[in-house]
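Observations on chain architecture
For reference, the chains in residue letters:
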Amino acid sequence: MATHYYCFPLFLIAFLLANSHLIHSTVTYDRKAILINGQRRILFSGSIHYPRSTPEVCLDVVETYVFWNVHEPYPGIYNFEGRFDLVRFIKTIQKAGLYANLRIGPYVCAEWNFGGFPVWLKYVPGISFRTDNEAFKNAMQGFTEKIVALMKSENLFESQGGPIILAQSNQVVFRHHFVV
């Protein structure tokens, strides 16, 4: 597969052209939220710090955590609906012509409650977080396998024509190597 680099300024210009409605917007505030063209909006953004890069630096990979606590709120009960639609997010990255680095966790270093662990996990007998602990590894193994299988079923890994070029987990020990 050929490597494509999308320089941030070019990506930004393409994004703005594709979303020209953003250029001619009216932005106000109603004491509760920002309104764009009269509609309340929740804004999502990423940051690139100009002193830490050069104009030649290109943005070509979107890195995202997979938040265990939102996807498995109860043991074995999974949620990938609405704002938790991971597949849709990865496909949006692909449509933008970018690659993805999928950080499956389990721990999320993103100022997220309980480090992204589901609350039910603390009630698992014998569990010790972020250690070489069988109860922890068993729970994490199930979640990791669920996410990898979901990404495979949607052909989202690079070897399947998808945008995911890296997938990582900071689990202490992988019991299986995930070959795509």
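Preceding this paragraph is the structure being described.
Notes on the structure follow. Here the structure is a predicted model, which means the values were calculated and not measured. Each chain carries its own residue numbering, running from 1 in the written order of its sequence. At least 70 in pLDDT is required for a residue's local features to be given in this predicted model, at least 80 for side-chain atom pairs to be given and counted, and no such filter applies to totals for whole chains, interfaces and linings, which use all residues. Only heavy atoms go into the side-chain values, all of them from the structure, while hydrogens and water stay out.

**Some words on the sheet that holds strand 1 (residues 27-29)**
- As summarised here, the arrangement of the three strands in space is 1-2-3, forming an open sheet in which the pairing is antiparallel. The open sheet has two edge strands, strand 1 and strand 3 (39-40), and neither has a second partner. In short, DSSP must find at least two bridges between two strands for them to pair. Comment: elements are numbered from the N terminus, with helices defined as DSSP H or I runs of at least four residues and strands as E runs of at least two.

**Digging into a nonpolar patch on the surface**
- Two joining distances apply to patches: 9 Å for like charges and 5 Å for nonpolar side chains (Val, Leu, Ile, Met, Phe, Trp, Tyr), and every residue must have over 30% relative accessible area and no salt bridge. Computed with the Shrake-Rupley method and a 1.4 Å probe, the accessible areas treat only the protein chains shown as cover for residues. The term salt bridge refers to a pairing of a side-chain nitrogen on Lys or Arg with a carboxyl oxygen on Asp or Glu at a separation within 4 Å. Residues Val27, Tyr29, Ile34 and Leu43 make up a contiguous nonpolar surface patch of roughly 420 Å² in combined accessible area.
- Relative to the elements of secondary structure, Tyr29 occurs in strand 1.
- The cut-offs for exposure are 20% and 50% of the maximum accessible area for each residue type, with area from a 1.4 Å probe on protein chains only; residues under the lower value are buried, those over the upper are exposed, and the others partly exposed. A residue is classified by how much of its surface remains accessible, and Tyr29, at 58% relative accessible area, is exposed.

**Describing the packing of aromatic side chains**
- To pair, rings of Phe, Tyr and Trp, with the six-membered ring standing in for Trp, must have centres within 6.5 Å; the planes then decide the type, stacked if under 30 degrees apart, edge-to-face if over 60, and tilted in the middle. Under the definition given, this model contains twelve aromatic pairs.
- When the ring of Trp68 is compared with that of Trp120, the centres are 6.3 Å apart and the planes differ by 85°; the resulting orientation is edge-to-face. In this pair, Trp68 sits in helix 2 (residues 68-71) while Trp120 sits in the loop between strand 5 (99-105) and helix 4 (134-153), placing the two residues 52 residues apart along the sequence.
- Each ring, one from Tyr107 and one from Phe117, has its centre 5.8 Å from the other, and the planes form 55°; the classification is tilted. Of this pair, Tyr107 sits in the loop between strand 5 and helix 4 while Phe117 is found in the loop between strand 5 and helix 4, placing the two residues ten residues apart along the sequence.
- Residue class for Tyr107 comes out partly exposed when judged on its relative accessible area of 24%.
- What links up through ring pairs into an aromatic cluster is the set Trp68, Tyr107, Phe114, Phe117, Trp120, Phe129, Phe136 and Phe143.
- For the cation-ring pair, Arg130 lies above Tyr107, with the distance from its terminal atom to the ring centre recorded as 3.8 Å.
- Charge-over-ring placement is defined geometrically: NZ (Lys) or CZ (Arg) within 6 Å of the ring centre, and within 35 degrees of the ring normal. The side chain of Lys146 reaches across the aromatic face of Tyr78, ending 4.8 Å from its centre.

**Structural notes on the sheet that holds strand 5**
- Reading across from one edge, 4-5-6 is the order of the three strands in this open sheet, with parallel pairing throughout. Two strands close off the open sheet at either side, each with one partner strand: strand 4 (61-65) and strand 6 (164-169). Within the sheet, the average angular offset between the axes of one strand and its neighbour, ignoring direction, is 15°.
- Here five bridges tie strand 4 to strand 5, and the two strands are oriented parallel to one another. Bridging from a neighbouring strand, Glu63 pairs with Asn101 of strand 5.
- Along the sheet, helix 3 (residues 86-95) makes contact with strand 4, strand 5 and strand 6, crossing strand 5 at roughly 150°.
- Against the sheet, helix 4 makes contact with strand 5 and strand 6, and its axis sits at roughly 160° relative to strand 5, the strand it touches most. Simply put, an axis is a line fit to the C-alpha atoms, just over the touching stretch for a helix, and the angle between two N-to-C directions goes from 0 to 180 degrees. Here, residues are in contact when the closest pair of their heavy atoms is within 4.5 Å.

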